Amino acid sequence: MKIFISADIEGISGVATNVQLKKNDEYQRFRKLMTQEVNAAIEGAFKGGATEVVVADGHGNMSNIFIEDLDERARLVSGNNRVMCQLQGLDESFDGIMFIGHHGREAGSERTTISHTLAGICVGEMKINGKVVGETEMNAGVAGDFDVPTILISGDDAYVAEVKETLPDVEAAVVKFGIDRFAAELIPPKRARKIIEEKAEASVRRINEFKAYKVEGPITFDIEFKGSQQALMTTTIPSVELTGPKSIRFTCDDFVTAYKHMWGVVIIGMAATNGVLGHANA
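Engineer: Help me understand the packing of aromatic side chains in this model?
Structural biologist: The geometry of two aromatic rings is summed up by the distance between their centres and the angle between their planes. Scanning all chains against the criterion turns up 2 aromatic pairs. Look at Phe4 and Phe94: their rings are 5.4 Å apart centre to centre, the planes differ by 90 degrees, and that puts the pair in the edge-to-face class. A residue pair is termed long-range when its members are at least 10 positions apart, and Phe4 in strand β1 (residues 2–7) and Phe94 in the loop between β3 (74–77) and β4 (96–100) qualify at 90 residues. Of the two residues, Phe4 and Phe94, both sit in the buried class. Between Phe221 and Phe250, the ring centres sit 5.3 Å apart and the planes meet at 15 degrees, which makes this aromatic pair stacked.

Laid out in structure tokens, this is it:
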């Protein structure tokens, strides 16, 4: 039984502010806690019957997890030049996917901790076929194209409530309680890891009860950027059209292709924030 884990950092226990992830000594602390929570999910997965686990590091430059501390039974996808972003390595051979340390969507609940959608520097809101989505719902749709069900999520309580609007039956490990975008009521990491391990084991034991989240094509993305320069530069891709000064739309036949399209325009949007050639001298 193969389990895929997509790991982020904003939703792990202990994180309540962006400063904790930007100030180097604090960031190193939370890299360690992220690794430990991923290990808790791996332990639970194997206790539940998994025989193989692959982890995709999905935060920032996607190189946060300490490989020397990772559970030796797992494999790690690390580094950021990836066509499939937070899902690099996922395919139809997997039996389930877990989202550990994930967070709420941009413009979602006012309580979810450090809310954003994929790239806070440029993305204001994303819609798929008219429905506002966050990273987890979007990634779950990609997994659904591979017939892989989403079996576990972990993060704050407001994030869990958001995701359960789309995936009501998913197992959920609540490891903190949102107060504001930059404030949370925290529980000690040791308790959080125990919750994740127990929920991971339970999700794998009942894996046959889950159904893959499928969105039938064609798939239309509407993306609202934070700056007009970000939106305009994405139209260098011919299939992308402006729908407003800061908004774009594109349509693809299936979810996986649409996801790659989305990641491409987000990369362009990030690069265009201060001008795509702003740091080039030749």
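Having put the structure on the table, let's press on.
Engineer: I keep staring at the pairing of strand β11 (residues 241–244) and nothing clicks. Help me out?
Structural biologist: The side chains of a regular strand alternate between both faces of the sheet. Two elements, β11 and strand β12 (residues 247–252), share 3 bridges in a ladder whose sense is antiparallel. When the bridges of β12 are listed, Glu241 appears paired with Arg249. The loop that links β11 with its antiparallel partner β12 comprises 2 residues.

Engineer: Can you walk me through helix α5 (residues 189–205) in this structure?
Structural biologist: In an α-helix there are 3.6 residues to a turn, and that puts residues three or four apart on one side. Its 17 residues place the ends of α5 24 Å apart at the C-alpha level, agreeing with the 24 Å of an ideal helix rising 1.5 Å per residue. Looking at α5, one finds that the buried residues are Ala192, Ile196, Ala200, Ser203 and Val204. With its buried residues spanning 90 degrees around the axis, α5 presents them on a single face. Along α5, exposed side chains directed more than 90 degrees from the buried face belong to Lys190, Lys194 and Arg205. Packed against the buried residues of α5 are β1, α2 (24–48), β4, β7 (150–156) and β8 (171–180).

Engineer: Before we go on, may I ask you to explain the sheet that holds β7 in this structure?
Structural biologist: Within a beta sheet, neighbouring strands are joined by backbone hydrogen bonds and run either parallel or antiparallel to one another. If you trace the 7 strands from one edge of the open sheet to the other, you get β3-β2-β1-β4-β7-β8-β9, paired in mixed fashion. Across the chains shown, the open sheet's two edge strands, defined by having one partner strand only, are β3 and β9 (183–186). Strand-to-strand twist of the sheet, defined as the mean angle between neighbouring strand axes without regard to direction, takes the value 25 degrees. In this sheet, β3 lies alongside strand β2 (residues 52–57) in parallel orientation, the contact comprising 4 bridges. Its bridge partner being in β3, Val55 is matched across the sheet by Leu76. Contacting β1, β2, β3 and β4, α2 runs over the sheet at an angle of about 155 degrees to β2. Sitting on the sheet, α5 touches β1, β4, β7 and β8, and the angle it makes with β8 is about 140 degrees.

Engineer: Explanation requested: the pattern of salt bridges in the structure shown.
Structural biologist: Pairs may arise between side chains of opposite charge once their charged atoms sit close together. The full count for this structure, using the stated rule, is 18 salt bridges. A salt bridge links Arg75 to Glu52; the nearest nitrogen and oxygen atoms lie 3.0 Å apart. Taken as a pair, Arg75 in strand β3 and Glu52 in strand β2 lie far apart in primary sequence, 23 residues in all. With a relative accessible area of 24%, Glu52 lands in the partly exposed category.

Engineer: Please explain the sheet that holds β12 as it appears in this structure.
Structural biologist: The antiparallel open sheet is built from 5 strands, whose spatial order is β6-β5-β10-β12-β11. Because the sheet does not close on itself, it has two edges, and the strands there are β6 (131–132) and β11. As defined by bridge partners, strand β10 (residues 219–225) adjoins β12 across 6 bridges and the pair is classed as antiparallel. Note that in β12 the partner of Asp222 across the bridge is Arg249. Docked against the sheet, helix α7 (residues 255–271) engages β5 (123–128), β10 and β12, running at close to 15 degrees with respect to β10.

The rules we used
Residues numbered from 1 in each chain as written. Predicted model: local features only at pLDDT ≥ 70, side-chain atom pairs only at ≥ 80, totals over all residues. Heavy atoms only, no water. Phe/Tyr/Trp six-rings, centres within 6.5 Å; stacked < 30°, edge-to-face > 60°. Helix = DSSP H or I, 4+ residues; strand = E, 2+ residues; numbered from the N terminus. Buried < 20%, exposed > 50% of the residue type's maximum accessible area, 1.4 Å probe, protein only. Pairing = 2+ DSSP bridges. Expected span 1.5 Å × (residues − 1). Arc of directions from axis to C-beta. Contact = heavy atoms within 4.5 Å. Axes fitted to C-alpha atoms, helices over the stretch in contact; angles between N-to-C directions. Salt bridge = Lys/Arg side-chain N within 4 Å of Asp/Glu carboxyl O.

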